[in-house]
Amino acid sequence: MSRLAEIRNTAQEIAEAITAVLGIDVEIVDEELSIVAGTGRYKEKIGEKEEEGNLDSEYTYGQALRTGEEYIIEDASSHPQYAARESELAEVCCPIRLHEEIIGLIGLVAFTEQQRHALLLNRKNLLAFSRQMAVLLASKVSETKMAGELKIIIETIREGIIAVDRYGNMTACNETAARLIGTTKEEAIGTSIFAILPFSSIREVLRTGEEYRDREEIYQTDTGGTFHFFTTIRPIFSKPLEEAVGDQQREIVGAVISLRDIADIKKLVYDMTEKEEGASFHEVLGTSKAIREVKDQASKVARSQSTVLITGESGTGKGLFARSIHYASDRKEHPFVTVNCGAIPDTLLESELFGYEPGAFTGANRTGKVGKFELANGGTLFLDEIGDLSFHLQVKLLHVLQHREIERIGGKRTIPIDVRIIAATHQDLEQMMEAGEFREDLYFRLHVIPLHIPPLRERQEDILPLLDYALHKYTRVINKSIYGFTEEALDCLKCYDWPGNIRELENAVEYAVNMENGDNITLDALPKRLRQAQKSPFSSLSLKKQLEAVEKEIIQTRLAQTGYSLQGKRDAARLLGISESTLYRRIRELRIEKQQVVKNDN
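Residues numbered from 1 in each chain as written. Predicted model: local features only at pLDDT ≥ 70, side-chain atom pairs only at ≥ 80, totals over all residues. Heavy atoms only, no water.

The name an unreviewed UniProt entry assigns to the chain is Sigma 54-interacting transcriptional regulator, from the organism Aneurinibacillus aneurinilyticus.

Right, here's the structure in full:
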């Protein structure tokens, strides 16, 4: 019996776990080309041999066992060395190594065009995932524990993964899932899934044992928030189907839930169809009360036709809110047109907004030009930086809002339009009114639905999710493997005031990703202005961290006086009123080094 065959139950559990997470059929083959575990079509073929058991064959499995090389087959039907059976279309194959010896293979196989597209789109991630599963199998063969390894692997999955027992109590939860359902891993474990998602379809899956695949679900929370997921739920049984004698002996013992945020699904659809990407309130990141209130208010007014005025400092996301309102409205199938009133000279802005007739002025296009109001007809016109609009154009805009019609430059006819106006500014329009710089009548026409986006410094709890999002975004763009931030870097980022708000935060992370050479963003990789603006090294730390920092400083100061020799440490312990063993332990725990004190003395 092969080594993988000796752990066939574990191998089968891993194969089913891979399929539960990825939705792709899996087969696990030993070094004798026997199928020891499989899902889907391979489950019925367990015990059979691939490639007729010929280890010297020129087919892909035989070669992989001999060479230990991974491979990706993009088109199985045209590959000369692929022994395709039935309707196999594509495959990712990864050898299983044990002490440099190849003891088997893991194959992820696509049978449908949809599976094939997903496999090829995520080939690198799937191959990396297969490597980790191969390591897990090899570890089991060598009688090492695999529970910790499995948890690590589950954490690498982009989807949220939750495991529940037969009663719906959560027994496992990765970081992604905890973030999606608005909790932490520690709080989730042991909690009933129904306390967070009271109407989850998992109740029906636990009752019937029938899986629930790729369904869109919207959950309303007790706090008035909304969870919007694409969900797959697969039941877990007490034993495999072939080992069950009757229904009574094959009990449902739990289930695995895969959650994908609807915003990620929308992006995937965009990538696959190449259609214009819209926007969703789910893309407005943040869990603070302030941002949730603004999102709730914006979503309520989205379906109305009323004019919206969005105020807030530069970089707070006014444009994203405007797009989200449009794509949540009845106008979402019509254009969303943006004009930055502060970026276009006043002489050009009028023609940009209203268009012009042929020959309207010197240099005009002979065929004339359609303005943004006409382009946005039926949809939404977003006027960004409305405070920069000249008095002349303020009058013309007021006319449009009152009469719902425009007139091109050089034209003599009025053109009726059906456009919703969303305006935005970082300026204080009321103060500008008092100073005579903005028309009062226009202000009240725009101020029908006011939305104010608070600055980032007033919602600091949103900084961490924004940092995570920006890090994920720019590591992909720049193609670097950086997984987080050091404690010192986070302390600096959390206590910074962010005058440029989210835009400045993203720029800072992009800069740091470019500068960092390690696995985590360090303090030295952050922009200089952030490090210089750091008010206090302790300002954003917890009480425990602040106490440790003060304790470290006291010990360092005393050691600087007594010295770091054996006798010096004895004297320091005596002066501090603690035992030598306690001093040595705190030096180790607080990472106190001699050169740190020397540097400070200089």
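Moving on to the overall build of the chain. The secondary structure content of the chain amounts to 25 helices and 19 strands. For the chain, the proportion of its 602 residues judged to be buried stands at 45%. Here the chain displays about 31,500 Å² of accessible surface, and carbon together with sulfur accounts for 48% of that area. (Helix = DSSP H or I, 4+ residues; strand = E, 2+ residues; numbered from the N terminus. Buried < 20%, exposed > 50% of the residue type's maximum accessible area, 1.4 Å probe, protein only. Areas by Shrake-Rupley, 256 points an atom, 1.4 Å probe, with all protein chains shown as cover.)

What follows deals with the pattern of salt bridges. Applying the stated rule across the entire model yields 25 salt bridges. Residues glutamate 70 and arginine 131 are paired through a salt bridge, measuring 2.6 Å at the closest nitrogen-oxygen approach. One end of the pair, glutamate 70, is in the loop between helix H2 (60-67) and strand S3 (71-73); the other, arginine 131, is in helix H4 (residues 123-141), and 61 residues separate them in sequence. Taking the relative accessible area as the measure of exposure, glutamate 70 reaches 33% and is therefore partly exposed. The class of arginine 131 is partly exposed, set by a relative accessible area of 37%. Measuring nitrogen to oxygen at the nearest pair gives 2.8 Å for the salt bridge that ties glutamate 551 to arginine 586. A residue pair is termed long-range when its members are at least 10 positions apart, and glutamate 551 in helix H22 (residues 543-562) and arginine 586 in helix H24 (residues 580-589) qualify at 35 residues. (Salt bridge = Lys/Arg side-chain N within 4 Å of Asp/Glu carboxyl O.)

Here the focus is the sheet that holds strand S1 (residues 25-30). As summarised here, the arrangement of the five strands in space is S2-S1-S5-S4-S3, forming an open sheet in which the pairing is antiparallel. Of all the strands in the sheet, the pair left with one neighbour each is strand S2 (35-38) and S3. For this sheet the average axis-to-axis angle between neighbouring strands, irrespective of direction, equals 20 degrees. Two elements, strand S4 (residues 90-98) and strand S5 (residues 101-110), share nine bridges in a ladder whose sense is antiparallel. (Pairing = 2+ DSSP bridges. Axes fitted to C-alpha atoms, helices over the stretch in contact; angles between N-to-C directions.)

What follows is about the packing of aromatic side chains. This model, assessed by the stated rule, comprises seven aromatic pairs. Ring geometry for phenylalanine 336 and phenylalanine 382: centres 6.2 Å apart, planes at 20 degrees, overall stacked. Here phenylalanine 382 lies in strand S13 (residues 380-384) and phenylalanine 336 lies in strand S12 (residues 336-340), a separation of 46 residues in the sequence. Here phenylalanine 336 falls in the buried class, since its relative accessible area comes to 11%. Residues tyrosine 496 and tryptophan 498 carry aromatic rings whose centres are separated by 4.7 Å and whose planes lie at 90 degrees to one another, so their mutual orientation is edge-to-face. (Phe/Tyr/Trp six-rings, centres within 6.5 Å; stacked < 30°, edge-to-face > 60°.)

Along S13, five of the five residues are buried, which leaves the element largely enclosed by surrounding structure. Here S13 shows no split at all, with Thr380, Phe382 and Asp384 on one side and Leu381 and Leu383 on the other all buried. Sheet analysis places S12 next to S13, joined by five bridges and oriented parallel. By the bridge assignment, phenylalanine 336 is partnered in S13 with threonine 380. Pairing of S13 with strand S16 (residues 420-425) involves four bridges; the strand directions are parallel.

Sheet architecture is open: five strands sit in the order S12-S13-S16-S11-S17, paired in parallel fashion. The open sheet has two edge strands with one neighbour each: S12 and strand S17 (449-452). The sheet shows a mean angle of 20 degrees between the axes of neighbouring strands, taken without regard to direction. Here helix H12 (residues 318-327) sits on the sheet in contact with strand S11 (308-311), S12, S13, S16 and S17, set at roughly 155 degrees to S11. (Contact = heavy atoms within 4.5 Å.)

With that settled, consider the nonpolar core. Leu4, Ile28, Ile96, Ile106, Leu108, Leu119 and Leu137 are the most contacted members of the largest nonpolar core, which has 36 residues in total. Those elements that place two or more of their residues in this core are helix H1 (8-22), S1, S2, S4, S5, helix H3 (113-121) and H4. Among the elements that line this core, the one with the most residues is H4, at nine residues. Among residues more than four places away in sequence, those in contact with isoleucine 96 are Leu4, Ile28, Glu101, Ile102, Ile103, Gly104, Leu105, Ile106, Ala134, Leu137 and Ala138. (Core = buried A, V, L, I, M, F, W, Y, C linked by side-chain atoms within 4.5 Å.)

With that settled, consider the state of the cysteines. Cysteine pairs can be linked by a disulfide, which is a covalent bond between their two sulfur atoms. Per the counting criterion, the structure on display carries zero disulfides. Cysteine cysteine 93 shares no disulfide, and the gap to the nearest cysteine sulfur, in cysteine 94, comes to 7.2 Å. Judged by its relative accessible area of 0%, cysteine 93 is buried. Cysteine 492 takes part in no disulfide bond, and the closest cysteine sulfur to it belongs to cysteine 495, at a distance of 5.5 Å. Residue cysteine 492 is classed as buried on the basis of its relative accessible area of 0%. (Disulfide = S-S within 2.5 Å.)

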